[in-house]
Structures are given as structure tokens and as C-alpha cells.
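The residues making up each chain are set out below.
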Amino acid sequence: MSKRLSLTRLRRMKADGEPIVALTAYDYSFARAVDAAGIDLVLVGDSLGMVVQGHAGTMPVTVAEMAYHTRCVARGLSRAYLMVDLPFLSDYDERSALESAAVLIKEGGADMVKVEATAEQAPIVAALSRAGVPVCAHFGLRPQRVGQLGGYRVQGRGDDGAAQLCEDARALEAAGADMLLVECVSAKAARAVQAQCQTPLIGIGAGSDCDGQILVLQDMLGITPGQPPSFSHDFMADAGTIPGALSAYAEAVRARRFPGPEHGFD
Ligand code: KIV
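Residue positions are given per chain, counting from 1 as you read along its sequence in written order. For this predicted model, a pLDDT threshold of at least 70 governs which residues receive local features, and a threshold of 80 or more governs which side-chain atom pairs are given and counted, while totals over whole chains, interfaces and linings are taken from all residues. The side-chain numbers reported here are obtained from all heavy atoms of the structure, hydrogens and water having been left aside.

Going by an unreviewed UniProt entry, the chain carries the name 3-methyl-2-oxobutanoate hydroxymethyltransferase and comes from Spiribacter pallidus. Taken from UniProt, the Function (unreviewed entry) comment for the chain reads in full: "Catalyzes the reversible reaction in which hydroxymethyl group from 5,10-methylenetetrahydrofolate is transferred onto alpha-ketoisovalerate to form ketopantoate." UniProt positions are given in the numbering used here, feature names are shortened, and annotations may be inferred rather than shown by experiment.

Asker: How should the site of the ligand be read in this particular structure?
Answerer: We call a residue near a molecule or strand whenever a single non-hydrogen atom of that residue lies within 4 Å of it. Thr24, Leu43, Gly45, Asp46, Ser47, Asp85, Lys114, His138, Leu181, Glu183, Ile204 and Val216 make up every residue found near the ligand. Polar contact criterion, stated in full: a pair of N or O atoms within 3.5 Å, where within protein one must be able to donate a hydrogen and the other to accept it, and residues adjacent in sequence count only if both atoms are side-chain atoms. Taking aspartate 85, its side chain carries an N or O atom lying 3.1 Å from an oxygen atom of the ligand. Between the ligand and lysine 114 there is a distance of 2.7 Å, counted from an oxygen atom to a side-chain nitrogen or oxygen. A per-class count over the shell around the ligand returns four nonpolar, four polar and four charged. In this classification, the charged set is Asp, Glu, Lys and Arg, the nonpolar set is Ala, Val, Leu, Ile, Met, Phe, Trp, Tyr, Cys and Pro, and all remaining amino acids, among them Gly, are polar.

Asker: Would you take a moment to explain helix α4 (residues 63-76) for this structure?
Answerer: Working note: α-helix, 3.6 residues per turn, so residues spaced by three or four point in the same direction. Helix numbering and strand numbering both begin at the N terminus, where a helix is a DSSP run of H or I of at least 4 residues and a strand a DSSP run of E of at least 2. Expected span, for any helix, means 1.5 Å times one less than how many residues it has. In a regular helix each residue adds 1.5 Å, so 14 residues correspond to 20 Å; α4 covers 20 Å between its end C-alpha atoms and thus fits that length. When accessible area is computed with a 1.4 Å probe and restricted to protein chains, residues below 20% of their type maximum are described as buried, those above 50% as exposed, and intermediate ones as partly exposed. Every buried residue of α4 is listed here: Val63, Met66, Ala67, His69, Thr70, Cys72, Val73, Ala74 and Gly76.

Asker: For this particular structure, what's the right way to read the pattern of salt bridges?
Answerer: Proximity of charged atoms lets side chains of opposite charge pair with each other. Criterion for a salt bridge: a side-chain nitrogen of Lys or Arg within 4 Å of a carboxyl oxygen of Asp or Glu. Considering all chains together, one arrives at eleven salt bridges under this definition. With a closest N to O distance of 2.9 Å, aspartate 40 and arginine 79 form a salt bridge. On the criterion of sequence distance, the pair formed by aspartate 40 in the loop between α2 (28-36) and β2 (41-44) and arginine 79 in the loop between α4 and β3 (81-85) is long-range, its members being 39 residues apart. Overall, arginine 79 belongs to the partly exposed group, its relative accessible area being 29%. The partner of aspartate 40 in a salt bridge is arginine 254, and the shortest N-O contact between them spans 3.1 Å. Highlighted residues: aspartate 40 in the loop between α2 and β2 and arginine 254 in helix α12 (residues 242-254), separated in sequence by 214 residues. Aspartate 40 sits in the buried class, given a relative accessible area of 1%. A relative accessible area of 35% means that arginine 254 is categorised as partly exposed.

Asker: It is not clear to me how the confidence of the model for the chain should be interpreted in this structure. Could you clarify?
Answerer: Where the model shows low pLDDT, its predicted coordinates should not be examined in detail. pLDDT: the predictor's confidence for each residue, scored from 0 to 100. In the predicted model, the chain carries a mean pLDDT of 96, and the fraction of residues at 70 or more is 99%. Within the chain, no element has a lower average pLDDT than helix α7 (residues 146-149), which sits at 86, and none a higher one than β2, at 99.

Here's what the structure looks like:
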């Protein structure tokens, strides 16, 4: 019988107040290392466009490339739940989202797909959910929209910003999202979403109050070229080895020592 974590288990972790530890991975060797460190949820993120392929953003990444990396990661996991991104424009309507999800789940071996969405994309989430696809809705800063947003900017600032994020969360859950992921938002807005949401809420650059935390692997190992995001932390600097850094991250999230106030936004 599979010992892989299920969505039911992740929901129970939320109910029990047990932090969910999540991390990206893109290949077999790192998937094994991440799994061995006890990471609960692994994301094959379209951040691979930057950290693996060397592009300036996530927009060039294709479904075929996501499927390839998902297959590599799936072979390395024996415990963690596996989520994969639907890349830019692979989910522009219900049909394309269903076709892309079919490839990533059937050929890639993913447990869940992640879509970047606000309330406006709730029909896409609903179509996936109706078809039986477990879905995570990624809102707040949506890297696939940085062209429209005018850069990587903190979202959800002020009362109106927080109210908008709460409304997005409500609409996405009502559409059938099984999980929410919120990126680069004010800690106050993330707290407001956390207080109302029924599904596990994973945060990145969203303060310490979410049900779980995720980082990009290369950022937390300190090997991302250029300036790392201010909400990340280089766990390798103290640990000195990859297994040590991965375990230190998992322990810090479980003990609610990471993220600290210095990793969040007002
Ligand atoms: O693609 C990715 O790595 C992500 C994380 C930033 C959550 O979506």
C-alpha cells in the first residue's frame, strides 16, 4: 500500500494545527532528498523556467516540460504529496485546463494541479474540480501575470487589498479548490484569509499564520543566481549540507520559527 500523504491527511494537518512543510523540486535526486527530509508537499513549480532553464520568468514553460520534470520528481517520492503547476496559457479556458491537467496527472504522476487564479478564474477551478482533478488555487502575487502587474509587487496591502484577497479565496473555495496558495502578500491580509478559509492555506512571503509554508528549493539552498527574494532564507549557510538544510527548513516550519517577521510584508 502507498505510504504517500493524501489530501485527507493534509486537511487533517490543517484541522490539528500541524504546519504543512512544502518545497519545490524539479528532478529525481532532489525529490529523493526532499522526501527523505520529511517535506510533506512537493511542488514541481513553473519556477523551473527560471531556476532550471535560465529564463527571466515562468512564461516560456510548456506542459510537456512540466510533465517531464513531474515524471522525474514522482519517481523520487515515497512519502510527499505531489503538486504541479499548470504553466502560462495552458489553462486559458476550461478545455485547455482539463487537457493540460490530464497530461500532468496521467503522464506526469501528479496528485494535484495548481492554477494561478483570482475569482475571475473560478470557472476554470470549477471545471477541473467537476472532472475530479484535485486543485490548488494560487493567488496574491501571480508570477504568470507579472507582465500585467508591472513586476513582482506585494499584494493585498491596505483594507481594500485584504478584502479583495478574502473575496478571491471565498470564490475559489466555492468553485471547488482543495487547497489555496498565497504568494507575496501582507501578513495582515494572509491572516484574514487564514481566518476564513476551510481548505489548507500554503504561504510564501505571506507571514507565519498560514497552515503551511513553501519555498523555492534553489532559494533556500542559497544557489539562486542574483538577489534571493527577501521572504526566503538561506538554510544552507548554517547547515552546510543539502540534507542538513532541508531538515533545518522542515524543523523551522514545524516549530513556527520560519518565517520570522523579517521575511514578511506589512
Ligand atoms: O512555481 C513555483 O515555484 C511556485 C512557488 C513560488 C509557490 O509557484
